[in-house]
Amino acid sequence: MKETDRQMRETDRRLKKAEDLFTTQWGRLVESLVEGDLVPLLRQRDIDVTETAQRLNAVRNGEHCELDIVARNGAEIVVVEVKTTLRPRDVKRFLDKLRRLADWFPWSDDRPVYGALAYLRTDASVAKHAERQGLFVIRATGNSASLLNAPDFEPRVF
């Protein structure tokens, strides 16, 4: 009985490890897909991106923050959160992260910061909610990504 329990725990551990590896690799694939189209998408909205970076990490006061993608130029910053499936709670968490961004990344405090949520799947209502919150909404599709905001959309500065 003890041996069976040990084997089951080991199997659970291995399954969790495999799941984490799959999720991580899938997330990185989606991030790469979005980053590849991000510069032209933002330039269409008059944000002249000069550099991008993936997976920026910071720890302040014992708290960890990771930014999936950051696009910037000398005047503006766009922080992109990438989700395979975008849910309402993701919008809230990302807005909270943007509000506290300067706590983790002091370089973000001296210029306008815009937020963008990128995803593979979501309900239309969630995407609309994100746009109403002043976020760019980016849908990753096949081998590209597209910006879904209305042409007259004005992003919110965080």
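None of the values given here were measured: they were computed from a predicted structure. (Residues numbered from 1 in each chain as written. Predicted model: local features only at pLDDT ≥ 70, side-chain atom pairs only at ≥ 80, totals over all residues. Heavy atoms only, no water.)

A separate point is helix α4 (residues 124-132). All of the buried residues in α4 are Val126, Ala127, Ala130 and Glu131. One face of α4 carries all of its buried residues, which in axial projection span an arc of 140 degrees. In α4, the exposed positions angled more than 90 degrees off the buried face are occupied by Ala124, Ser125 and Arg132. Buried residues along α4 sit against α2 (88-99), β4 (113-121) and β5 (136-141). Phi turns positive one or two residues past the end of α4, at glycine 134, with a value near 90 degrees. (Buried < 20%, exposed > 50% of the residue type's maximum accessible area, 1.4 Å probe, protein only. Helix = DSSP H or I, 4+ residues; strand = E, 2+ residues; numbered from the N terminus. Arc of directions from axis to C-beta. Contact = heavy atoms within 4.5 Å.)

Along the chain, asparagine 149 falls in the segment after β6 (144-147). Given a relative accessible area of 5%, asparagine 149 falls into the buried group. A distance of 3.2 Å separates a polar side-chain atom of asparagine 149 from the backbone oxygen of leucine 135. Discounting chain neighbours no more than four positions away, the residues touching asparagine 149 are Arg45, Glu131, Leu135, Phe136 and Val137. (Polar contact = N/O pair within 3.5 Å; in protein donor to acceptor, adjacent residues only side chain to side chain.)

Right, let's get into the pattern of salt bridges. As enumerated under the stated definition, the model contains eleven salt bridges in all. Where aspartate 96 meets lysine 92, a salt bridge forms, and the shortest distance between an N and an O atom there is 3.1 Å. Residue aspartate 96 and its partner lysine 92 are located together in helix α2, separated by four residues, close to a single helical turn. Residue aspartate 96 is classed as partly exposed on the basis of its relative accessible area, which comes to 32%. One salt-bridge network, in which partners are shared between bridges, spans Glu63, Arg100 and Asp103. (Salt bridge = Lys/Arg side-chain N within 4 Å of Asp/Glu carboxyl O.)

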